[in-house]
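Take a look at the letters that make up each chain.
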Amino acid sequence: MSALHRILLILSGLALVAVIFLPIWRIELDAAQYPEGLELQIYSNKLAGQVDIINGLNHYIGMKTLHAEDFIEFAVLPYLIVFFALAFLITGFLRNSKLLYGLFFCFLLFGIAAMVDFYLWEYNYGHELDPSAPIKVPGMSYQPPLIGYKQLLNFGAYSIPDIGGWIFILCGVILAYCTLQEWRKNRISN
C-alpha cells in the first residue's frame, strides 16, 4: 500500500471521529407561514433543530412525534462510527490489502443498510398516520424524500446530507479510490 493511501486512510479514520459530534443529515421544511424555514438535524445519537415545532405541526396530520429514544439507531450508530474510524486507522497503519478490501466491503454494506433503514423509517413515519388526526387528506402520505426535494401539502421538504454525512461520503470515496488502486496494483503484479 502506498504512503499516500496510508495517509488518506488514517486521515479518513480521524475525520470519522468528528462525525460522532456533527449533524449527519438534515431535513429542511419551507412554507409561507415559516419564511425562515424549519430544520431537523439528525446526529449519530440525537435529533436537533426545531423538533418541537415540527412535532406540533405533524400532530395535525397524524404523524408520530419524533423522540430520539424511539430510535435504536441512536444507541448503535456512535459505536459503529467508532468501529469504522478504528478500522480505517488500523488498515492505514498495518498496510494490509486484505484488511483494505474487507473494510471497503463492510463500509459499502453499512452505507447501503443505513440508507435502506432511513428510507424505511421515513416510509413508516409518513404513511402510518393516526386516523383521528384533525387534518385528513384522502390518499395523502407525508413521507419526506430520501434525498432531494418533495412537496408535502404546503411544505417543501429538502432532505440532504449535513456536514457529518458529507464527511462519511468523502471517506467512502477515499476508501473506494484506495481499494481500486490497491486492486489494480496487485492485479498488475500478479
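Shown above is the structure to which this text applies.
Now for a quick tour of the structure. Computed from a prediction, not measured in an experiment: that's the story for all the values here.

Conventions adopted
- Residues numbered from 1 in each chain as written.
- Predicted model: local features only at pLDDT ≥ 70, side-chain atom pairs only at ≥ 80, totals over all residues.
- Heavy atoms only, no water.
- Pairing = 2+ DSSP bridges.
- Helix = DSSP H or I, 4+ residues; strand = E, 2+ residues; numbered from the N terminus.
- Disulfide = S-S within 2.5 Å.
- Buried < 20%, exposed > 50% of the residue type's maximum accessible area, 1.4 Å probe, protein only.
- Polar contact = N/O pair within 3.5 Å; in protein donor to acceptor, adjacent residues only side chain to side chain.
- Contact = heavy atoms within 4.5 Å.
- Axes fitted to C-alpha atoms, helices over the stretch in contact; angles between N-to-C directions.

Two elements, strand β4 (residues 148–152) and strand β5 (residues 155–161), share five bridges in a ladder whose sense is antiparallel. Residue Gln151 lies in a different strand from β5, and its bridge partner there is Gly156. Hairpin remark: β4 followed by β5, antiparallel, with two residues in the connecting loop; positive phi at Leu153, about 55°.

Moving on, we get to the state of the cysteines. Scanning the model with the defined rule gives zero disulfides in all. In this structure Cys178 is a free cysteine whose sulfur lies 11 Å from that of Cys171, the closest cysteine sulfur available.

Residue placement: Ser44 occurs in the loop between β2 (34–42) and β3 (47–49). Overall, Ser44 belongs to the buried group, its relative accessible area being 0%. In terms of polar contacts, Ser44 uses its side chain to reach the backbone carbonyl oxygen of Ile20, at 3.2 Å. Setting aside chain neighbours within four positions, we find Ser44 in contact with Ile20, Ile24, Glu73, Phe74, Leu77, Pro78 and Ile81.

With respect to the helices and strands, Ser132 occurs in the loop between α4 (97–127) and β4. A distance of 2.8 Å separates the side chain of Ser132 from the side chain of Asp130, its partner in a polar contact.

The strand order across the open sheet built from five strands is β3-β2-β1-β5-β4, with neighbouring strands paired in antiparallel fashion. Every interior strand has two partners, whereas the edge strands, β3 and β4, have only one. With direction set aside, neighbouring strand axes in the sheet form an average angle of 20°. Where strand β1 (residues 25–31) and β5 come together, six bridges link them in antiparallel fashion. Note that in β5 the partner of Arg26 across the bridge is Ile160.

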